[in-house]
Amino acid sequence: MRVKSRCESEVVVERIALNAGSLRALDDLQRADLAAFKKACAMLCASDHQSVFIDLNRCVYISSLFIGELAEAVMQMTAAGKDVHVVVSPEIGKTLHMARLYHLFDYEISSELP
């Protein structure tokens with residue numbers, strides 16, 4: 001796993017940036033990114049940040065493995081009392097909606113271009 005450090009507070013791993021309570025996908029997430037995504041979610045869960053932002057606006061596709069990890073992390077952080085804000089692309093939003101995940105956690109479907 002290649003890790004790039006842009007500055008002390010921001011870590012970029014392949015297609016995922018984690019910075020001060022914010023997880024941002026920089027592109028579509030591939031199977032090879034799953035371990036980094038899991039780790040980033042675990043770091044958000046363990047962080048002291050009470051407000052967490054997950055930005056998947058730049059993804060037009062993620063596999064069900066990522067969706068499961070996302071749902072689990074959001075529900076875990078919410079249960080711990082964190083304010084979790086999730087923004088997804090229209091394509092990911094359609095997938096989450098078809099899976100009826102709006103019953104499990106809140107997410108916003110972005111209308112902005114990434």
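The rules we used
Residues numbered from 1 in each chain as written. Predicted model: local features only at pLDDT ≥ 70, side-chain atom pairs only at ≥ 80, totals over all residues. Heavy atoms only, no water. Core = buried A, V, L, I, M, F, W, Y, C linked by side-chain atoms within 4.5 Å. Buried < 20%, exposed > 50% of the residue type's maximum accessible area, 1.4 Å probe, protein only. Helix = DSSP H or I, 4+ residues; strand = E, 2+ residues; numbered from the N terminus. Contact = heavy atoms within 4.5 Å. pLDDT = per-residue confidence, 0-100. Phe/Tyr/Trp six-rings, centres within 6.5 Å; stacked < 30°, edge-to-face > 60°. Pairing = 2+ DSSP bridges. Right-handed = clockwise from strand over helix to strand, strands pointing away. Salt bridge = Lys/Arg side-chain N within 4 Å of Asp/Glu carboxyl O. Expected span 1.5 Å × (residues − 1).

Student: What's the story with the nonpolar core in this structure? I'm lost.
Tutor: Grouped burial of nonpolar side chains is what soluble globular proteins tend to show. Leu23, Leu29, Phe37, Ile54, Leu56, Ile62 and Met77 are the most contacted members of the largest nonpolar core, which has 32 residues in total. Secondary-structure elements contributing two or more residues to this core are β3 (16-19), β4 (22-25), α1 (34-46), β5 (51-56), α2 (64-79), β6 (83-88) and α3 (90-98). Other than its neighbours up to four places away in sequence, Ile62 contacts Leu29, Leu56, Ile67 and Ile92.

Student: Can you walk me through the environment of Phe66 in this structure?
Tutor: Within the fold, Phe66 resides in helix α2. In this structure Phe66 comes out as buried when scored by relative accessible area, which is 2%. It is 9.2 Å that separates the C-alpha atoms of Phe66 and Gln30, two residues lying 36 residues apart in sequence. Not counting residues within four places of it along the chain, the set of residues in contact with Phe66 comprises Leu29, Gln30, Arg31, Asp33, Leu34 and Phe37.

Student: Explain the confidence of the model for the protein chain here, please?
Tutor: Keep in mind that low pLDDT regions are not for reading the predicted coordinates in detail. Across the protein chain, the average pLDDT comes to 88, with 86% of residues at or above 70. Predicted confidence is poor over residues 1-9, with pLDDT under 50, and the contacts of this stretch with residues over four places away or in other chains come to 15 contacts.

Student: Looking at this structure, how should I read the packing of aromatic side chains?
Tutor: The description of an aromatic ring pair uses the distance of the two centres, along with the angle that the planes make with each other. For the structure on display, the rule yields 2 aromatic pairs. Seen from their ring centres, Phe37 and Phe66 are 5.4 Å apart, and the 65° between their planes marks the pair as edge-to-face. On the criterion of sequence distance, the pair formed by Phe37 in helix α1 and Phe66 in helix α2 is long-range, its members being 29 residues apart. Considered together, Phe37 and Phe66 belong to a single accessibility category, that of buried residues.

Student: Looking at this structure, I do not really get the pairing of β6. What am I missing?
Tutor: When a strand is regular, its side chains alternate between the sheet's two faces. Of the strand pairs in this sheet, β5 and β6 are connected by 6 bridges, and their pairing is parallel. In the strand pairing of β6, Val52 is matched with Val84. Regarding the hand of the β-α-β motif, the stretch spanning β5, α2 and β6 is right-handed. Bridging between β6 and strand β7 (residues 108-109) involves 2 bridges; their strand directions are parallel. Note on β7: the bridge partner recorded for Val87 is Glu108.

Student: Please explain the pattern of salt bridges as it appears in this structure.
Tutor: Two side chains that carry opposite charge are able to pair once their charged atoms sit near each other. With the rule as written, the count across this model stands at 2 salt bridges. Between Glu69 and Lys38 there is a salt bridge whose closest N-O contact spans 4.0 Å. Of this pair, Glu69 sits in helix α2 while Lys38 sits in helix α1, and the two are 31 residues apart along the sequence. Taking relative accessible area as the criterion, Lys38 reaches 40% and is therefore assigned partly exposed.

Student: Can you walk me through α1 in this structure?
Tutor: Owing to its 3.6 residues per turn, the α-helix aligns residues three or four sequence positions apart on the same side. Under the 1.5 Å per step criterion, the end-to-end length of α1 is 18 Å for 13 residues, consistent within 8% with the ideal 18 Å. Looking only at α1, the buried set comprises Leu34, Ala36, Phe37, Ala40, Cys41, Leu44 and Cys45.

Student: Please explain unusual backbone geometry as it appears in this structure.
Tutor: Note: most peptide bonds trans; most residues except glycine with negative phi. The residue Ala20 is not glycine, and still its phi comes out positive at about 45°. With respect to the helices, strands and loops of the structure, Ala20 is situated in the loop between β3 and β4. In this structure Ala20 comes out as exposed when scored by relative accessible area, which is 56%. Although it is not a glycine, Arg100 sits at a positive phi angle of roughly 60°.

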